[in-house]
Amino acid sequence: AAQIPALAEPSPPTDLHAAAVRTLSLAHDLSDAIDRGQLDLYYQPIVRLVDGSLAGFEALVRWRHPQLGVVRPDEFIPLAEKTGLVHRIGQWVLKRATTDWPLLRQRCAATSQGAPFISVNLSAPELCNPGIVESIRDCIASSHIAASELRIELTETVIISSVELVSSAIAQLRTMGVGIALDDFGTGYAGLDYLQTLPFTAIKIDRAFVAQMHDSERSFQIIKSALELSRLLGIATVAEGIEDAKTGAMLASMGCNYGQGYHYARPLPLQDLLGAGTPT
Ligand code: C2E
Ligand code: CA
Ligand code: CA
Ligand code: CA
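Residues numbered from 1 in each chain as written. Chains lettered and ligands numbered in written order. Predicted model: local features only at pLDDT ≥ 70, side-chain atom pairs only at ≥ 80, totals over all residues. Heavy atoms only, no water.

## Considering the nonpolar core
Thinking step 1. Membership of the largest hydrophobic core comes to 72 residues, with the highest contact counts inside it found for Tyr43, Phe57, Phe76, Ile89, Ile136, Ile152 and Leu251.
Thinking step 2. Here this core takes seven residues from helix 3 (residues 86–105), the largest share from any one element.
Thinking step 3. Not counting residues within four places of it along the chain, the set of residues in contact with Phe57 comprises Tyr43, Gln44, Pro45, Ile46, Trp101, Leu104, Arg107, Cys108, Phe117, Ile118, Ser119 and Leu273.
Thinking step 4. By size, the runner-up hydrophobic cluster in this structure holds eight residues, among which are Phe117, Ala181, Ala236 and Tyr258. (Core = buried A, V, L, I, M, F, W, Y, C linked by side-chain atoms within 4.5 Å. Buried < 20%, exposed > 50% of the residue type's maximum accessible area, 1.4 Å probe, protein only. Helix = DSSP H or I, 4+ residues; strand = E, 2+ residues; numbered from the N terminus. Contact = heavy atoms within 4.5 Å.)

## Observations concerning the coordination of the calcium ion (ligand 3)
Thinking step 1. Here the calcium ion (ligand 3) is held by Asp183 (OD), Asp184 (OD), Glu240 (OE) and Glu240 (OE), and the distances to it run 1.8 to 2.8 Å.
Thinking step 2. The sequence pattern describing where the donors of the calcium ion (ligand 3) fall on their chain is D-D-x55-E.
Thinking step 3. Here the calcium ion (ligand 2) and the calcium ion (ligand 3) are spaced 4.0 Å from one another, each receiving a donor from Asp183. Here the residue Asp184 occupies a position in strand 6 (residues 179–185), and Glu240 occupies one in the loop between strand 8 (236–239) and helix 10 (245–253), the gap between them amounting to 56 residues.
Thinking step 4. Since its relative accessible area comes to 17%, Asp184 is described here as buried. (Donors = N, O, S within 2.8 Å, 3.2 Å for Na, K, Ca; no water.)

## Some thoughts on the confidence of the model for the chain
Thinking step 1. Averaged over every residue, the pLDDT of the chain is 90; the share at 70 or more is 91%.
Thinking step 2. Among the scores for the predicted complex, ipTM is 0.98 and pTM is 0.91. (pLDDT = per-residue confidence, 0-100.)

## Re the pattern of salt bridges
For side chains bearing opposite charge, pairing can occur when the charged atoms are close.
Thinking step 1. On inspection of all chains with the given rule, the structure shows eleven salt bridges.
Thinking step 2. As a salt-bridge pair, Arg105 and Glu149 come within 2.6 Å of each other at their nearest N and O atoms. Within this pair, whereas Arg105 is found in helix 3, its partner Glu149 is found in the loop between helix 5 (132–142) and strand 5 (150–155), the two being separated by 44 residues in sequence.
Thinking step 3. Judged by its relative accessible area of 27%, Arg105 falls in the partly exposed class.
Thinking step 4. Across the pair Arg137 and Glu134 runs a salt bridge whose closest N-O atoms are separated by 3.4 Å. (Salt bridge = Lys/Arg side-chain N within 4 Å of Asp/Glu carboxyl O.)

## Quick look at the coordination of the calcium ion (ligand 4)
Thinking step 1. Those protein atoms acting as donors to the calcium ion (ligand 4) are Asp184 (OD) and Asp184 (OD), and they sit at 2.8 to 3.2 Å.
Thinking step 2. A spacing of 3.6 Å is found between the calcium ion (ligand 4) and the calcium ion (ligand 3), which share Asp184 as a donor.

## Things to note about the side chain of His65
Thinking step 1. Topologically, His65 is positioned in strand 2 (residues 54–65).
Thinking step 2. Within the structure, the side chain of His65 is placed 2.6 Å from the side chain of Asp29, a separation counted as a polar contact.
Thinking step 3. What His65 contacts, discounting residues up to four positions off in sequence, is Leu26, Asp29 and Val71. (Polar contact = N/O pair within 3.5 Å; in protein donor to acceptor, adjacent residues only side chain to side chain.)

## A closer look at the environment of Lys82
Thinking step 1. Relative to the assigned elements, Lys82 resides in helix 2 (residues 73–83).
Thinking step 2. Judged by its relative accessible area of 71%, Lys82 is exposed.
Thinking step 3. Along the backbone, Lys82 and Ala27 are 55 residues apart, and their C-alpha atoms lie at a distance of 9.5 Å.

## Topic: the packing of aromatic side chains
Ring pairs (aromatic) are described by centroid distance and by the angle formed between their planes.
Thinking step 1. A complete count under the given rule lists three aromatic pairs for this structure.
Thinking step 2. Seen in terms of ring centroids, Trp63 and Phe76 are 5.6 Å apart; in terms of plane orientation they differ by 80 degrees. Their pairing is edge-to-face. Taken together, the residues span a long stretch of sequence, with Trp63 in strand 2 and Phe76 in helix 2 at a distance of 13 residues. Across the pair, exposure class does not vary: Trp63 and Phe76 are buried alike.
Thinking step 3. Here the aromatic rings of Phe117 and Tyr258 are separated by 5.4 Å at their centres, their planes lie at 85 degrees, and the arrangement is edge-to-face. Taken together, the residues span a long stretch of sequence, with Phe117 in strand 4 (residues 117–121) and Tyr258 in strand 9 (residues 258–259) at a distance of 141 residues.
Thinking step 4. Overall, Tyr258 belongs to the buried group, its relative accessible area being 10%.
Thinking step 5. Its end group placed over the ring of Tyr42, Arg62 keeps NZ or CZ at 5.4 Å from the ring centre.
Thinking step 6. The aromatic ring of Tyr258 is capped on one face by Arg151, whose charged end is 5.7 Å from the ring centroid. (Phe/Tyr/Trp six-rings, centres within 6.5 Å; stacked < 30°, edge-to-face > 60°. Lys NZ or Arg CZ within 6 Å of the ring centre and 35° of its normal.)

## Looking at helix 6 (residues 163–176)
Thinking step 1. With 14 residues, helix 6 extends 20 Å between its outermost C-alpha atoms, agreeing within 8% with the 20 Å of an ideal straight helix rising 1.5 Å per residue.
Thinking step 2. Turning to helix 6, its buried residues are Val166, Ala169, Ile170 and Leu173. Projected down its long axis, helix 6 shows its buried positions confined to an angular sector of 95 degrees, all on one face. Summarising the geometry of helix 6, the exposed residues directed more than 90 degrees from the buried face are Glu164 and Thr175.
Thinking step 3. Buried residues belonging to helix 6 abut helix 4 (124–128), helix 5, strand 5 and strand 6.
Thinking step 4. Taken from the residues just after helix 6, Gly177 is the one with a positive phi, measuring 105 degrees. (Expected span 1.5 Å × (residues − 1). Arc of directions from axis to C-beta.)

If you want it as structure tokens, here you go:
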């Protein structure tokens, strides 16, 4: 290695440098995170907009890194997709979510507008894994839940490398009765194409539109037409990122079925949800 001249100032790490170091160390540590019990699952309530009753939960993975604190999935899931670890993480998430569901289900309100559900995020590479349908079936069977209580969320923002594999997995899951939601609707480049080819049972309107709906006529019209489109296709709608009452009320008046966001609740650990009083 070249000698650094004694008098030269060491160059301070740039933000890019720090980011690269963080990525490398996260990629390195992630392989042991499951075995060391560092992963956790948080649950965010999803409400029926018409009456505010609790309809279900979305499971959101967290990584408690011993040095870096809580690392959000936006940061480590893309890494896990590159290294293939996402399959083990997905297995862990599915097992945890289906095991916890019988406890969480009791918190949900039983109404005439559809049975309670638990939503789990799977990335496209996970759905391409040949064993995925079988392992979802096993999780459902061993926790004695109904397949119709489980909903898989697939984001449209990633490029699906094999539409054939994904659609075969989705078709099998639909036959079992598992629900399939198109996540982050409106932000990907292929949303309408996926809606045409894959049998989604719900769409989730991305919070980028929801956040702008009062200030931007365009965002408002895009949401309106997404709701209209879903109604025509006979699929359910979930609005993400609702942060105030005004937004929730407006989406309800526009006919959106479900809502989710900090206005109702943040994602919470299981214990907090079970310990809490009777939900509204
Ligand atoms: P997502 O599926 O779109 O999840 C919604 C994200 O929005 C969550 O971030 C949630 O905490 C956040 N959120 C909820 N309500 C509000 C709100 O009112 N305002 C704002 N600003 N944000 C809100 P989170 O938990 O950091 O997850 C980020 C993404 O990571 C998820 O986006 C999902 O794509 C992915 N992800 C999470 N858990 C898993 C998992 O188990 N497996 C896979 N493959 N991906 C996951
Ligand atoms: Ca999601
Ligand atoms: Ca989303
Ligand atoms: Ca998202």
